Amino acid sequence: MDVGTIIGIVAAFLLILISILIGGSVTAFINIPSIFIVVGGGMASAMGAFPLKDFIRGVLAIKKAFLWKPPDLNDVIETIGEIATKVRKEGILSLEGDIELYYQKDPLLGDMIRMLVDGIDINDIKATAETALAQLDEQLSTEVAVWEKLADLFPAFGMIGTLIGLIQMLRNLNDPSALGPGMAVALITTLYGAILANAFAIPVANKLKKAKDMELLVKSIYVEAIEKIQKGENPNVIKQEVAIMLGVELPEEV
C-alpha cells in the first residue's frame, strides 16, 4: 500500500477543518441541501456520462488509489533476466515447470509463457498480448475518466447550488437581516464543490492514472521481452534494455 494518497487527502481535509475551527464554528459550514446538490448531483450526472457498469467499476476503483502498491521494478528486471537466461541455457520447454510462478508475477506474463511453451508462433503470442493490453487500457482509462468527470462536475454543481441559493435569497430582499445568512448558505455549495474536486476527486484520478500507466508499461515490457527471449537475444542485453525502459540503473557488473 502506498500511504501517500491517504496522508495527502486526510491532511487536506484536516487543514481545511482546522482553518474553519480557527475562524468560527463548524456548524456554520454544514448544509444538508448543499451536500445533496453537490454530491448527489455530481454523482448522478457522472452516472449519465458512462454506461452503468463502467460507472460503478470506476467508482469502486477508488480502493486502488488507496491500496495500489508500485511494482518492484528491480524484480521485473530480474524476472525477465532469469527467464532469458534459462531459455538460452535449457530451451523454452524448461519454463514449463515454473509457469504458475510466472502467473503469480503477472497473469499476462504467465499466458505468454504458456503459449510459448505450447509452441505458438511468437507473432500470434504478441498479437494476443497486444489485444489484451488494449482491452486493459480501455478499462483502466474508463476508471480514470470517471474520477476526472467527478472532478469537473463537483465544482459545477457547487455553482448550481450557489445560484439556487442566490435566487432564494433575492426573493427575500424585503428582509435585510436574512441577506447575510442567505449569502453564506449560497456560497457553501461552491465551497463543497471545490473541496471535493481538489482535495478528493483530482488526487484519486491522478493516482489511478499513475497506477494505469505503470501497469501498462510493465505489461508492455513483458511483451517485448518475451519476443526478444524467443529470438535468443543475449540475456544481459535484454536486462539492460528493460532497465532503460523502466528508468532503473543496473550495477556496472551486470
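Novice: Sorry if this is basic, but what is going on with the nonpolar core here?
Specialist: For soluble globular proteins, nonpolar side chains are generally found buried alongside one another. Counting residues in each nonpolar core, the largest one holds 40 residues, and the members touching the most others are Ile80, Ile83, Met112, Ile113, Ile226, Ile229 and Leu246. Sorting the residues of this core by element identifies α5 (73-90), α6 (99-105), α7 (107-117), α8 (122-170), α9 (179-230) and α10 (235-246) as the ones contributing at least two each. When residues of this core are assigned to their parent elements, the largest contribution, 10 residues, is made by α9. Excluding residues that lie within four positions of it along the chain, Ile229 makes contacts with Ile80, Ile83, Ala84, Val87 and Ile238. Among the nonpolar cores identified, the runner-up in size contains 23 residues, and Ala46, Leu153, Leu196 and Val204 belong to it.

Novice: Even after reading the chapter, I still don't get the pattern of salt bridges, so can you show me in this structure?
Specialist: Two side chains with opposite charge may pair up if their charged atoms get near one another. Considering all chains together, one arrives at 13 salt bridges under this definition. The partner of Lys105 in a salt bridge is Asp75, and the shortest N-O contact between them spans 3.1 Å. Pair noted here: Lys105 is in helix α6 and Asp75 is in helix α5, with a separation of 30 residues, a long-range link. What makes Lys105 partly exposed here is its relative accessible area of 36%. Classification of Asp75 by relative accessible area gives partly exposed; the value is 31%. Here Glu78 makes a salt bridge to Lys239, at a shortest N to O gap of 3.3 Å.

Novice: I keep staring at the packing of helix α2 (residues 32-49) against α8 and nothing clicks. Help me out?
Specialist: In a packed pair of helices, the relevant descriptors are the angle between the two axes and the axis-to-axis distance. The N-to-C vectors of α2 and α8 enclose an angle of 130°; their axes lie 8 Å apart at closest approach. In terms of their interaxial angle, α2 and α8 are classed as oblique. In this structure, α2 crosses over α8, and the sense of that crossing is right-handed. Counting all contacts with α2, which are made through Ile37, Val38, Val39, Gly41, Gly42, Met43, Ser45, Ala46 and Ala49, the residues of α8 involved are Lys149, Leu150, Leu153, Phe154, Phe157, Gly158, Gly161 and Ile164. Grouping the constituent residues of the contact of α2 with α8 by class yields 11 nonpolar, 5 polar and 1 charged.

What counts and how
Residues numbered from 1 in each chain as written. Predicted model: local features only at pLDDT ≥ 70, side-chain atom pairs only at ≥ 80, totals over all residues. Heavy atoms only, no water. Core = buried A, V, L, I, M, F, W, Y, C linked by side-chain atoms within 4.5 Å. Buried < 20%, exposed > 50% of the residue type's maximum accessible area, 1.4 Å probe, protein only. Helix = DSSP H or I, 4+ residues; strand = E, 2+ residues; numbered from the N terminus. Contact = heavy atoms within 4.5 Å. Salt bridge = Lys/Arg side-chain N within 4 Å of Asp/Glu carboxyl O. Axes fitted to C-alpha atoms, helices over the stretch in contact; angles between N-to-C directions. Parallel < 35°, antiparallel > 145°, perpendicular 65-115°, else oblique. Left-handed = near helix turned anticlockwise from the far one by under 90°. Nonpolar A, V, L, I, M, F, W, Y, C, P; charged D, E, K, R; others polar.

Nothing here speaks to function; it is all geometry.
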